[in-house]
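Here's the letter readout for the chains.
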Amino acid sequence: MTTQPTLEVLNSLCKRRGFVFQTSNIYGGLANSYDYGPLGVELLRNIKASWWKTFIEKRPDMVGLDSQILLHPETWVASGHTTSFNDPLVEDAVTGKRYRADHLIEAWQQKHDRPDHELAENMSVEEMGKYITENKVLSPDGNAVAAPRVFNLLFETAIGAVTGEKSKVYLRGETAQGIFTNFKNILDSSRVRLPFGVGQIGKSFRNEVTTGQFVFRTLEFEQAEIEYFFDPEKTDWKELLSAWKEDLWSFVTNQLGISEENLRWRQHSDSERSFYSEDTYDLDYNFSFGWKELWGLAYRTDYDLKQHTKHSGHEHTVTDIESGKTFVPHVIEPAVGVNRMFLMVLTDHFWEDTERKRTVLKLPFSLAPYKVAVFPLVRNKPELVEKARKLYVDLCEKFPTTWDDRSNIGKRYLYQDEIGTPFCITVDYDSLEDDTVTIRDRDTAEQIRIPQAKISEYIAAAASRMIR
Ligand code: GAP
């Protein structure tokens, strides 16, 4: 197993090369909030495009959706978020800083090597309080903490301009509820038949208190969620869940190129699982700070649709064409955070090439922000620059391409390696004579000379080998 880059190393690369910046840093930043720079936005877009293509475009049983961030507030009452979307919080008795009680317990157990102790995720808030007292769990600053309290994660805001007449709404805590509230609309307006799924990618908001995990846990983040509806009498939920496990694993390893050794399935224990779920798994990734949830996969029965029927008065049923039976479909939910996929992709493809003394992001071709970089050998020879510029404009039509004429060729290679550009093309004096160019492969650092007319063909063939 290769050593993972630490969060500090990744954070520094992301800032230096324009993947991720601390948000509002000119004002001192905002906790757990980040902006995606010119390269970060491209990588995020490529991850989302890959998810959409795999799970929506290529599947006849799936359709897409883009629902609102602000939904009717009753949605969150029906879903249970207003009452049970809580984290257990403790406060440092001296500094007043707040921490997640379960995270403090986890850290204490790791430090004292207590795998025999009950996991924090299986404890109630009262049990966490007792554990903290009995084991003298302290804050990261070494101070005592007060008994844990529950803290709702939903962000509240208000509609209306006039104070007193404003009505409370919430920034959505998950994209899933917009799918449930549109279930009937989709069923009535499209050609879908059970079993079918609805997927959407969008921003979600949670009032998280944990800091220091870079983009792993943020206040504002993107989710890619699917609700897959089925008739439990016709489809065996255990088989369906297994099929989804295979599909998620295949996406992460084949499309995102992640090493299998850094992935594992973890089944939720009875006490950890939501009361309405029959079975839940997390697809965990081995981040530099431990195995953490990347993707949740839950069999949620018919709980959500029934809750929305109860609170809205609208039926959420389907009538089986053959038997005439009317019933509420059951649902399996694969839910992933796009920003966590982003962090995993950077972690897994980060490579310190000690032999050639360079840092490389060995991104799969489909994920790389730029596929090609074009350089004129020197920038003070107009005929070279003109020829390279023409090639750059031509390649931009075919692949995301970047231009670099700063410093020397060696430094340009190092820069492109660090941002994961698979191919660098140099236009030199020979190019003016015979229309050939040098093309360099990011992973092998090998350079070959090819006719300019063959570039696209060469890249297309080489790209298919560039999964890992
Ligand atoms: N609808 C189910 C649901 O939202 P979840 O496990 O709370 O389930 C799904 O969230 C995924 O969203 C997680 O597996 C994780 O990848 C991502 N996620 C959750 N909270 C996050 C946060 N604060 N920052 C970044 N990603 C987050």
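In the block above lies the structure referred to throughout.
Quick look at the overall build of the protein chain now. From N to C terminus, the protein chain includes 15 helices and 23 strands. Dimensions of the protein chain along its principal axes, counting C-alpha atoms only, are 75 × 65 × 55 Å. Across the 468 residues in the protein chain, those meeting the buried criterion constitute 53%. In the protein chain, the share of contacts with a sequence separation of at least 24, taken over all contacts with a separation of at least 6, comes to 66%. When the accessible surface of the protein chain is split by element, carbon and sulfur atoms take 49% of a total near 22,700 Å². Distance between charge centres in the protein chain, computed from 57 positive and 71 negative side chains, equals 4 Å.

Right, let's get into the nonpolar core. The biggest cluster of nonpolar side chains holds 56 residues, and the ones touching the most others in it are Trp51, Trp244, Trp295 and Met341. Mapped by element, the contributors of at least two residues to this core are helix H1 (7-17), helix H2 (38-57), strand S10 (220-230), helix H9 (237-255), strand S12 (279-287), strand S13 (290-301), strand S16 (330-337) and helix H11 (338-349). Counting residues per element, this core draws most heavily on H9, which supplies eight residues. Formed jointly, this core draws a minimum of three residues from each of two domains, domain 1 (7-85 + 154-349) and domain 3 (359-463).

The next thing to look at is unusual backbone geometry. Residue Pro195 is bonded to the preceding Leu194 through a cis peptide linkage, with omega at -5°. By secondary structure assignment, the location of Pro195 is in the loop between helix H8 (183-189) and strand S9 (196-205). For Asn32, which is not glycine, the phi dihedral falls at a positive 55°. Among the secondary structure elements, Asn32 is positioned in the loop between strand S1 (20-22) and strand S2 (34-36). Although it is not a glycine, Asp435 sits at a positive phi angle of roughly 60°. Positionally, Asp435 belongs in the loop between helix H14 (429-434) and strand S22 (436-441).

Rolled over the atoms, a probe sized like a water molecule indicates the empty space that remains. Reported here for the second largest pocket is a volume of approximately 610 Å³. If you list the elements that add at least two residues to the lining of the second largest pocket, you get strand S5 (98-100) and helix H5 (101-111). Of all the elements, H5 adds the most residues to the lining of the second largest pocket, at seven residues. Of the residues contributing to the lining of the second largest pocket, the split by class is nine nonpolar, seven polar and seven charged. Here the lining of the second largest pocket gathers at least three residues from each of two domains, domain 1 (7-85 + 154-349) and domain 2 (89-152).

The next subject is the sheet that holds strand S20 (residues 401-403). Taken in spatial order, the five strands make up an open sheet running S20-S19-S21-S22-S23, and their pairing is mixed. Each edge of the sheet is formed by a strand with only one pairing partner; in this case those strands are S20 and strand S23 (447-451). In this sheet, adjacent strand axes meet at a mean angle of 30° when their direction is disregarded. The pairing of strand S19 (residues 372-376) with S20 spans three bridges and is classified as parallel. Residue pairing in the sheet places Ala373 in a bridge with Thr402 of S20. Sitting on the sheet, helix H12 (residues 382-396) touches S19, S20, strand S21 (423-427) and S22, and the angle it makes with S19 is about 165°.

Evaluated as defined, the whole model comprises 39 salt bridges. The closest approach of N and O atoms between Arg358 and Asp353, which form a salt bridge, is 2.8 Å. A relative accessible area of 3% places Asp353 in the buried class. Here Asp443 and Arg442 are joined by a salt bridge, their closest N and O atoms 2.6 Å apart.

For the rest of this paragraph, the subject is the site of the ligand. Surveying the vicinity of the ligand reveals 18 residues, the closest of which are Glu174, Arg206, Glu225, Glu293 and Leu294. Gln223 has a polar side-chain atom sitting 3.0 Å from an oxygen atom of the ligand. In the environment of the ligand, an oxygen atom lies 2.8 Å from a nitrogen or oxygen atom belonging to the backbone of Leu294. Across the complex, the protein chains shield 89% of the 550 Å² of accessible surface that the ligand would expose by itself.

With that settled, consider the packing of aromatic side chains. In this description, an aromatic ring pair is defined by two values, namely the gap between the centres and the angle between the planes. Tallied over the entire structure, the rule returns 29 aromatic pairs. When the ring of Phe183 is compared with that of Phe196, the centres are 6.2 Å apart and the planes differ by 5°; the resulting orientation is stacked. In this pair, Phe183 sits in helix H8 while Phe196 sits in strand S9, placing the two residues 13 residues apart along the sequence. Judged on exposure class, the residue Phe183 and its partner Phe196 are both buried. Put simply, the rings of Trp51, Trp52, Phe55, Tyr228, Trp244, Phe251 and Trp295 touch in pairs and so form one group of aromatic residues. We note Arg389 situated over the ring of Trp403; from NZ or CZ to the ring centre the distance is 4.5 Å. Over the ring of Tyr413 we find Arg440, and its NZ or CZ is 4.2 Å from the ring centre.

Rules and cut-offs
- Residues numbered from 1 in each chain as written.
- Predicted model: local features only at pLDDT ≥ 70, side-chain atom pairs only at ≥ 80, totals over all residues.
- Heavy atoms only, no water.
- Helix = DSSP H or I, 4+ residues; strand = E, 2+ residues; numbered from the N terminus.
- Buried < 20%, exposed > 50% of the residue type's maximum accessible area, 1.4 Å probe, protein only.
- Contact = heavy atoms within 4.5 Å.
- Areas by Shrake-Rupley, 256 points an atom, 1.4 Å probe, with all protein chains shown as cover.
- Lys, Arg positive; Asp, Glu negative; His and termini not counted.
- Charge placed at Lys NZ, Arg CZ, Asp CG, Glu CD.
- Core = buried A, V, L, I, M, F, W, Y, C linked by side-chain atoms within 4.5 Å.
- Domains from an automatic or database assignment.
- 1 Å grid on protein atoms, 1.4 Å probe; cavity = no way out; pocket = protein on both sides within 12 Å on 5 of 7 lines; lining within 4 Å.
- Points joined across faces, edges and corners; volume = space filled by probe spheres on them.
- Nonpolar A, V, L, I, M, F, W, Y, C, P; charged D, E, K, R; others polar.
- Pairing = 2+ DSSP bridges.
- Axes fitted to C-alpha atoms, helices over the stretch in contact; angles between N-to-C directions.
- Salt bridge = Lys/Arg side-chain N within 4 Å of Asp/Glu carboxyl O.
- Near = heavy atom within 4 Å.
- Polar contact = N/O pair within 3.5 Å; in protein donor to acceptor, adjacent residues only side chain to side chain.
- Phe/Tyr/Trp six-rings, centres within 6.5 Å; stacked < 30°, edge-to-face > 60°.
- Lys NZ or Arg CZ within 6 Å of the ring centre and 35° of its normal.

Purely geometric stuff here, so don't read any function into it on its own.
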